[in-house]
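So the chains spell out like this:
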Amino acid sequence: MPSMGFCILCVHGLSRLSSRVGPRGSSALTFCFLLLLVLFSCKSVSQSECWRSREALFRSGVQTLPHNAKVHYNYANFLKDQNRKEEAINHYKIVLRLYPKHSSALNNLGTLTSNVTAAEEYYRKALDISPQHSRALFNLGNLLRTQGRNEEAEVSLKESLLHGPYFADAYSSLGSLLADQKRHEEAKEVYLAGIKNCPESSDLQNNYGVFLVDIGSPQKAVSHYLLALRLRPNHHVAMLNLGRLYRSLNQNSEAGKWYKKVPLEVSHSPSHNS
């Protein structure tokens, strides 16, 4: 409606001007108006190219506002999702140059950094700026776990859940950490709390199924694998886990049914977790 109103005003204005300047002036005025219309039409066509894809839109924002940290951050996130790591790292660093206290950029930069020491430094800097950043706490906890620093990892993962109680991956990581330490009752409580708070998480259902198999409750695991598949019908890891479980229970026909649904690359994967 605002665009229609603007068009009506332009035509009305042109009509009023034409009635005052005479025939010759009216022709010149009409020519100028049409020229302006053509120029703006060309501008609209060229600008519409920016909307052809997400990348074009983000790149246009970076070109138009090179000193805006937010547009660089959005573009970096897009590049990260496309697995274009080096480009994403470059734009995250630009974000931090423009706005050094951008905790999410620090956290995301840590996830892309192959150097473990540097990654930990990025996570801790993010947490110095934003102590309740649940993603940074989660990533730091997982990093500490890979280094065998289990006590620190546990603290970090629990803090992540304290500030992000609907973060399914954190429940899976903490539950797995506790299970590795044979603290099965605590792990079970964590998984069940996660399922309660994140009932739509297929990965959490699958990972709880893995835990149940490990502690000797295969029949209970079946129901959670099936629930994971109900939530996400193409959950290939859950299919593989279900096939392996049925095979261990000597239900070969059921096992074969699920194995046939699993892509070849997934079936050769050594990990059962999501």
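Residues numbered from 1 in each chain as written. Predicted model: local features only at pLDDT ≥ 70, side-chain atom pairs only at ≥ 80, totals over all residues. Heavy atoms only, no water.

The name given to the protein in an unreviewed UniProt entry is Transmembrane and TPR repeat-containing protein 1, with Engystomops pustulosus as the source organism.

## Looking at unusual backbone geometry
Here is the rule: Counting from the N terminus, the helices are DSSP H or I runs at least four residues long and the strands are E runs at least two residues long. Only protein chains enter the accessibility calculation, which uses a 1.4 Å probe; a residue whose area is less than 20% of its type maximum is buried, one above 50% is exposed, and one in between is partly exposed.
A positive phi is found at N83, a non-glycine position, where the angle reads about 65 degrees. With respect to the element layout, N83 can be found in the loop between α3 (69–81) and α4 (85–98). Residue classification places N83 among the exposed positions, given a relative accessible area of 56%. You will see that K182, though not glycine, has its phi angle at about 65 degrees, which is positive. Mapped onto the elements, K182 comes out in the loop between α9 (168–180) and α10 (184–197).

## Comments concerning the layout of surface pockets
Stated precisely, the cut-off is as follows: Site definitions follow a grid-based scheme: protein atoms alone, a 1 Å grid, a 1.4 Å probe that fits but cannot get out for cavities, and for pockets an open set with protein on both sides within 12 Å along at least five of seven lines, plus lining residues having an atom within 4 Å of a point. Grid points are joined across faces, edges and corners, and a volume is the space filled by probe spheres set on the points. Residues are sorted three ways: Asp, Glu, Lys and Arg are charged, Ala, Val, Leu, Ile, Met, Phe, Trp, Tyr, Cys and Pro are nonpolar, and all the rest, Gly among them, are polar.
Taken as a whole, the largest pocket spans an internal volume of roughly 290 Å³. In this structure, the largest pocket is lined by S3, F6, C7, C10, F33, L36, L37, F40, K43 and S44. Its residues assigned to classes, the lining of the largest pocket comprises seven nonpolar, two polar and one charged. When its volume is computed, the second largest pocket comes out at roughly 180 Å³. S176, A179, D180, K182, H184, Y191, N207, V210, F211, D214, I215 and N273 are the residues that line the second largest pocket. Looking at the lining of the second largest pocket, the elements that each hand over two or more residues are α9, α10 and α11 (202–214). When residues in the lining of the second largest pocket are grouped by element, the largest group, four residues, is from α11. Among the residues making up the lining of the second largest pocket, the classes are represented as five nonpolar, four polar and three charged.

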